[in-house]
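Structure assessment
Read off the chains here:
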Amino acid sequence: MQHLRGQVEETIGAIRQSWAGEPTWGIVLGSGLGRLAEEIDTEAEFAYADLPHFPRSTAAGHASRLVCGQLAGVSVVAMQGRFHLYEGWSAEQASFPVRVMHALGARSLLLSNAAGGLNPQYEVGDVMVIEDQINLMFRNPLIGVNDDELGPRFPDMSAPYCPQLIDKALATARANDFLCHRGVYVGMLGPTYETRAEYRMLRAIGGDAAGMSTVPEAIAAAHAGMRVAAFSAITNACSPDMLGETTHEEVVQAADSAAEKLSTIVKALLTAN
């Protein structure tokens, strides 16, 4: 990890050539949810390929842009597409943009993803605010010699997702008359979708939704001391006894159906104290 600070500084240098803003929030937009970036009053944007040390996103539905500007009157830096371990990136590389957002000034982070619903009460198009996570990727972005300037050697993970932001998200959903669940996200390595037996196991150990992202980013944010709020757009029902074939195109389309709900919650969180 001791090489990270130098890499972050080089990336910041490239961004500062075009943008002098200091974001309050960092935002990571996952599969099918990138259109929220279109609501940002853009002050600068960067293709990932133009930023030093940024990986390249190869997942369908990811625009691969870093967008800087104002959303709901708040300064933000947003990833329109993220990096996954199944693409061949390490957990450290996948969470590198979180380090950059923190170095730019963001002290709060909002993560979103498309996920399969393990909880039988969840339906396609629902939104789940993540209250906890289970890391079955068996990867961690903090492996290696720790850099104490970035965070502690053993960061606490008893509450990686901010309880106050969770409560605000749920209250916003109620005020706008739509359902928002709260649940446990299981991070899987991918890129295969899970088998029937795996879905049964994930539900048995306490999972409410499963996906292939978010966990490395949340760990890096906890290491940096950031407040984190995270959401899953439920894109398919993972019932082992009624399991149909899942395609990525269907996942992206289903995530789009949850985008308006997620946008409403995001804007409320950005303006919350």
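Details of the structure are given in the entry above.
Note that the coordinates shown come from a computational prediction; the quantities given were computed from them, not determined experimentally.

**A short note on the nonpolar core**
- The biggest cluster of nonpolar side chains holds 79 residues, and the ones touching the most others in it are Leu109 and Phe231.
- Discounting chain neighbours no more than four positions away, the residues touching Leu109 are Trp25, Gly26, Ile27, Val28, Val98, Met101, Glu217, Ala221, Met226, Arg227, Val228 and Ala229.
- Counting residues in hydrophobic clusters, the runner-up holds eight residues, among them Leu118, Leu202, Ala210 and Cys238.

**Points about helix α3 (residues 96–104)**
- Counting buried positions over the nine residues of α3 gives seven, a clear majority of the element.
- Residues of α3 that are buried make contact with α1 (4–16), β1 (25–29), β4 (74–80), α2 (91–94), β5 (108–117) and α6 (215–224).
- Positive backbone phi, at 130°, marks Gly105, one or two positions downstream of α3.

**Quick word on the pairing of β5**
- Among the 10 residues of β5, 10 are classified as buried, and the element is accordingly described as predominantly covered.
- Sheet topology note: the β1/β5 ladder contains four bridges and is parallel. Within the sheet, the bridge partner assigned to Gly26 lies in β5 and is Leu109.
- Strand direction decides the pairing type here: β5 and strand β8 (residues 209–211), joined by two bridges, are antiparallel. If you follow Gly116 over to β8, its bridge partner there is Ala210.

**Here we look at the packing of aromatic side chains**
- Applying the stated criterion across every chain, the model contains four aromatic pairs.
- Centre to centre, the rings of Phe54 and Phe83 are 5.9 Å apart; their planes meet at 85°, and the pair counts as edge-to-face. Within this pair, whereas Phe54 is found in the loop between β2 (41–47) and β3 (65–71), its partner Phe83 is found in the loop between β4 and α2, the two being separated by 29 residues in sequence. Per residue, the accessibility class of Phe54 equals that of Phe83, and both read buried.
- Cluster of aromatic residues (ring-pair linked, three or more members): Tyr48, Phe54, Phe83 and Phe96.
- When the ring centre of Phe154 is taken as reference, the NZ or CZ atom of Arg153 above it lies at 6.0 Å.

**Description of the pattern of salt bridges**
- Following the criterion strictly, the structure yields six salt bridges and no others.
- Notably, a salt bridge pairs Lys267 with Glu39, separated by 2.4 Å at the nearest N-O pair. Separated by 228 residues along the polypeptide, Lys267 in helix α8 (residues 259–270) and Glu39 in the loop between β1 and β2 bring together distant segments of the chain.
- Across the salt bridge formed by Glu217 and Arg82, the nearest N and O atoms sit 2.9 Å from each other.

**A word on the packing of helix α4 (residues 163–175) against α8**
- Across the interface, α4 lies against α8 with an axial gap of 9 Å and an inter-helix angle of 130°. Judged on the interaxial angle alone, α8 and α4 are oblique. Taken as a pair, α4 and α8 cross one another with a handedness that is right-handed. Counting all contacts with α4, which are made through Leu165, Lys168, Ala169 and Thr172, the residues of α8 involved are Thr264, Ile265, Ala268 and Leu269.
- Its residues placed into classes, the contact of α4 with α8 shows five nonpolar, two polar and one charged.

Here is what the cut-offs are and how they apply
For every chain, the first residue of the written sequence is number 1, and numbering continues from 1 onward in sequence order. Note on the predicted model: pLDDT of at least 70 is required for a residue's local features to be given, and 80 or more for side-chain atom pairs to be given and counted; whole-chain, interface and lining totals, by contrast, use all residues. As a rule here, side-chain values cover all heavy atoms of the structure and leave hydrogens and water aside. Only buried residues count toward a nonpolar core. Its members are Ala, Val, Leu, Ile, Met, Phe, Trp, Tyr and Cys residues joined through side-chain atoms within 4.5 Å. To sort residues, take the accessible area from a 1.4 Å probe on protein chains only and compare it with the maximum for the residue type: under 20% means buried, over 50% means exposed, and anything in between is partly exposed. Working rule for contacts: check all heavy atoms of both residues, and any pair within 4.5 Å makes them a contact. Helix and strand labels come from DSSP, where a helix needs a run of H or I of at least four residues and a strand needs a run of E of at least two; each type is numbered from the N terminus. When DSSP finds two or more bridges between a pair of strands, those strands are recorded as paired. A pair of Phe, Tyr and Trp rings is counted when the ring centres sit within 6.5 Å of each other, with Trp represented by its six-membered ring. The angle between the planes then sorts it: under 30 degrees is stacked, over 60 is edge-to-face, the rest tilted. We call a charge positioned over a ring when the NZ of a Lys or the CZ of an Arg lies within 6 Å of the ring centre and within 35 degrees of the ring normal. Think of a salt bridge as a Lys or Arg side-chain nitrogen and an Asp or Glu carboxyl oxygen that are within 4 Å of each other. Axis geometry follows a simple rule: fit a line to the C-alpha atoms, using only the stretch in contact for helices, then measure angles between N-to-C directions, giving values from 0 to 180 degrees. In what follows, roughly perpendicular refers to angles from 65 to 115 degrees, roughly parallel to angles under 35, roughly antiparallel to angles over 145, and oblique to any angle outside these ranges. Left-handed describes a crossing in which the near helix is turned anticlockwise from the far one by less than a right angle; the clockwise case is right-handed. We call Asp, Glu, Lys and Arg charged. Ala, Val, Leu, Ile, Met, Phe, Trp, Tyr, Cys and Pro are nonpolar, and the rest, Gly among them, are polar.

Read these as spatial facts, not as claims about activity.
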